[in-house]
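Next come the chains, spelled out residue by residue.
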Amino acid sequence: MADITHKNPEGNQFLSFFLKNERFAINVAYVKEIIEYTQITHVPTMERFVVGVTNIRGNVIPVLDLSARLGLGMSDISKKSCIITIEAMIGGDECEIGLIVDMVDQVYEITLAHKMEAPEFGAKIRKDFMQMMARIEERFITLLDMNGILDLSELSRVTQKRTL
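If you're wondering where the values come from, they're calculated on a predicted model, not measured in any experiment.

K.L.:
Any chance you could explain the pattern of salt bridges here in plain terms?
P.N.:
Two side chains that carry opposite charge are able to pair once their charged atoms sit near each other. Counting across every chain of the model gives 7 salt bridges. Between Asp128 and Arg126 there is a salt bridge, and its shortest N-O distance comes to 2.7 Å. A salt bridge links Arg135 to Glu138; its shortest N-O distance comes to 2.6 Å.

K.L.:
I'm lost on the environment of Ile141 in this one. Help?
P.N.:
With respect to the secondary-structure elements, Ile141 resides in strand β12 (residues 139-144). Considering only alpha carbons, one finds Ile141 and Phe17, 124 residues apart in sequence, at a separation of 9.4 Å. If we ignore the near neighbours within four places in the chain, the residues touching Ile141 are Arg23, Phe24, Ala25, Tyr108, Met132, Met133, Ala134 and Ile136.

K.L.:
How do you make sense of unusual backbone geometry when you look at a structure like this?
P.N.:
Trans is the prevailing form of peptide bonds, just as negative phi is the prevailing case for residues other than glycine. The phi dihedral of Thr45 is positive, around 65 degrees, even though this residue is not glycine. With respect to the helices and strands, the residue Thr45 is situated in the loop between β4 (31-36) and β5 (50-56). One non-glycine residue, Glu138, lies in positive phi territory at about 65 degrees. Turning to its location among the elements, Glu138 is positioned in the loop between β11 (130-136) and β12.

K.L.:
Explanation requested: the sheet that holds strand β10 (residues 115-116) in the structure shown.
P.N.:
Hydrogen bonds between backbone atoms are what pair the strands of a sheet, whose relative direction is either parallel or antiparallel. In space, the 6 strands of this open sheet follow the order β9-β2-β3-β12-β11-β10, with mixed pairing throughout. Of all strands in the sheet, those bounded by a partner on one side alone are β9 (103-109) and β10. As paired elements, β10 and β11 share 2 bridges and run antiparallel to each other. Bridged to Lys115 within β11 is Ala134.

K.L.:
In this structure, what is going on with the pairing of strand β8 (residues 93-101)? I would like to understand it.
P.N.:
Residues in a regular strand point their side chains to alternate faces of the sheet. Counting buried positions along β8 yields 7 of 9 residues, so the element is predominantly enclosed. As paired elements, strand β6 (residues 59-65) and β8 share 3 bridges and run parallel to each other. When the bridges of β8 are listed, Val63 appears paired with Gly98. Bridging between strand β7 (residues 82-90) and β8 involves 9 bridges; their strand directions are antiparallel. Each residue of the ladder has a partner; that of Thr85, found in β8, is Gly98. Count of turn residues in the β7/β8 antiparallel hairpin: 2 residues, of which Gly91 carries a positive phi of about 60 degrees.

K.L.:
Mind showing me how you'd approach the nonpolar core here?
P.N.:
Across soluble globular proteins, nonpolar side chains have a tendency to be buried as a group. Counting residues in each nonpolar core, the largest one holds 32 residues, and the members touching the most others are Phe17, Leu66, Leu70, Ile86 and Leu144. Elements with a minimum of two residues in this core: β2 (13-19), β3 (22-27), β5, α1 (66-69), β7, β8 and α2 (146-149). For this core, the element with the highest residue contribution is β7, accounting for 5 residues. When sequence neighbours within four positions are dropped, the list of residues in contact with Ile86 reads Ile26, Tyr30, Val31, Lys32, Cys95, Glu96, Ile97, Leu99, Met146 and Leu150.

What counts and how
- Residues numbered from 1 in each chain as written.
- Predicted model: local features only at pLDDT ≥ 70, side-chain atom pairs only at ≥ 80, totals over all residues.
- Heavy atoms only, no water.
- Salt bridge = Lys/Arg side-chain N within 4 Å of Asp/Glu carboxyl O.
- Helix = DSSP H or I, 4+ residues; strand = E, 2+ residues; numbered from the N terminus.
- Contact = heavy atoms within 4.5 Å.
- Pairing = 2+ DSSP bridges.
- Buried < 20%, exposed > 50% of the residue type's maximum accessible area, 1.4 Å probe, protein only.
- Core = buried A, V, L, I, M, F, W, Y, C linked by side-chain atoms within 4.5 Å.

Here you go:
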């Protein structure tokens, strides 16, 4: 199991984005930058949601299709598609990872008053991928748990290959 940590993943600011017309969010403490969708080089023998690697300013980073990782199907790439690059500690190594999303929305300040437990059933994604739910402006947003999403041996293989 990967040990995924970050400097301050408990802050109240969350970047929201869309996957398959549903709104999700991650803590901004993980976000390094948001870039336009770019060329991705396929890496053979990876899980389907590990799309490949891309070069960002001389750094080769693994790229995941977040929609596919959550079990929602592969992303439909459009002009609004982008890659959120995140920084995480995986097994004691700091890694940069790209996440393909359909469209970035905005940053929300989500306080304890907005938060509620993730449902035990009825959700479209696995419970270990959900940190909790939030209700903002009469809409529900699923706050994603990066520990669950990034806990995969395939990601370790991709990060190892880029250093060879």
